Amino acid sequence: MKVFVAIIAGLSVLVLVGAIYWVSTIPAPSEMKVSKLVVAIDDGPQIDNFKLQSTSQEGVLDNTSLEGHWTYLVFGYTHCPDVCPTTLATLAKVTQKLGNDKSPLVVFVSVDWPRDNVSILKQYVTSFDKTFIGAVGNDESLKPLVKSLSAYYQRKDNNGAVKDGYTVDHTSSVFLLNPKGQLRAAFTMPGTVDQIVSDTNQLMSHH
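What comes next is a walk through the structure.

Reading the values: the criteria
Residues numbered from 1 in each chain as written. Predicted model: local features only at pLDDT ≥ 70, side-chain atom pairs only at ≥ 80, totals over all residues. Heavy atoms only, no water. 1 Å grid on protein atoms, 1.4 Å probe; cavity = no way out; pocket = protein on both sides within 12 Å on 5 of 7 lines; lining within 4 Å. Points joined across faces, edges and corners; volume = space filled by probe spheres on them. Disulfide = S-S within 2.5 Å. Buried < 20%, exposed > 50% of the residue type's maximum accessible area, 1.4 Å probe, protein only. Salt bridge = Lys/Arg side-chain N within 4 Å of Asp/Glu carboxyl O. Helix = DSSP H or I, 4+ residues; strand = E, 2+ residues; numbered from the N terminus. Phe/Tyr/Trp six-rings, centres within 6.5 Å; stacked < 30°, edge-to-face > 60°.

## What to know about empty space enclosed by the protein
- Within this structure, the stated rule accounts for 1 cavity of 30 Å³ or more.
- Here the largest cavity is characterised by a volume of approximately 30 Å³.
- Forming the boundary of the largest cavity are Q46, I47, N63, L66, E67, K180 and G181.

Written out as structure tokens, the structure is:
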């Protein structure tokens, strides 16, 4: 009887060891690996209702405009001396590398409504890529979108030192929105084309 019990115990140990080995050989599910310049968000907040004038065919940018496709959303203004043109030039190369069918739609939201209108914005954004869309609205119209993305902007007159009268401090991050119109990630800029392409592919495949 003792011999039988010992045999059963030995077999149990072998089964346990075998099970542990089998489990250890199962490939772990792939984990999303993004660069340190990206803050990824799962099930991000829904953007509050907003409505802006747009260079799109509809002439309006609102919550429904952000649904059904991925979106890169950027805040800025056409008089921006360096950050905005650099960011849009980078996103133009990203769009080209990802391909128009896969690349998120680039939406440039102006925070300088006194100087930027739809006509000016259309000429500006399409100079980087013909698929880019511009949008603009007054401070009250911008508030829901800016607040939902925890962004900011502030016009500064710089004591009259600027030729055009003022500059605008603003959030320089690129926000990635998923097809539900929810925030998926924020890219710290400047970033390289290859880094943004890689991170975007990771983010879009893990959602």
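## Points about the state of the cysteines
- Taken as a whole and assessed by the stated rule, the structure comprises 0 disulfides.
- Looking at C80, it has no disulfide partner, and the nearest cysteine sulfur is the one in C84, 3.0 Å off.
- Given a relative accessible area of 8%, C80 falls into the buried group.
- Owing to a relative accessible area of 2%, C84 belongs among the buried residues under this scheme.

## So, the pattern of salt bridges
- This model, assessed by the stated rule, comprises 5 salt bridges.
- Between D194 and K97 there is a salt bridge, and its shortest N-O distance comes to 2.3 Å. Of this pair, D194 sits in helix α5 (residues 193-205) while K97 sits in helix α2 (residues 83-98), and the two are 97 residues apart along the sequence.
- The class for D194 is partly exposed, based on a relative accessible area of 48%.
- Judged by its relative accessible area of 52%, K97 is exposed.
- Between K156 and D169 there is a salt bridge whose closest N-O contact spans 3.4 Å. Taken together, the positions of K156 in strand β7 (residues 153-156) and D169 in strand β8 (residues 167-170) put the pair 13 residues apart, joining distant regions of the chain.
- On the basis of relative accessibility, which here comes to 34%, the residue K156 falls in the partly exposed class.
- Take D169: its relative accessible area is 32%, and that puts it in the partly exposed class.

## Digging into the packing of aromatic side chains
- In total, this model carries 4 aromatic pairs according to the counting rule given.
- Look at Y124 and F128: their rings are 5.4 Å apart centre to centre, the planes differ by 75 degrees, and that puts the pair in the edge-to-face class.
- An aromatic cluster of at least three residues, connected via ring pairs, comprises F108, Y124 and F128.

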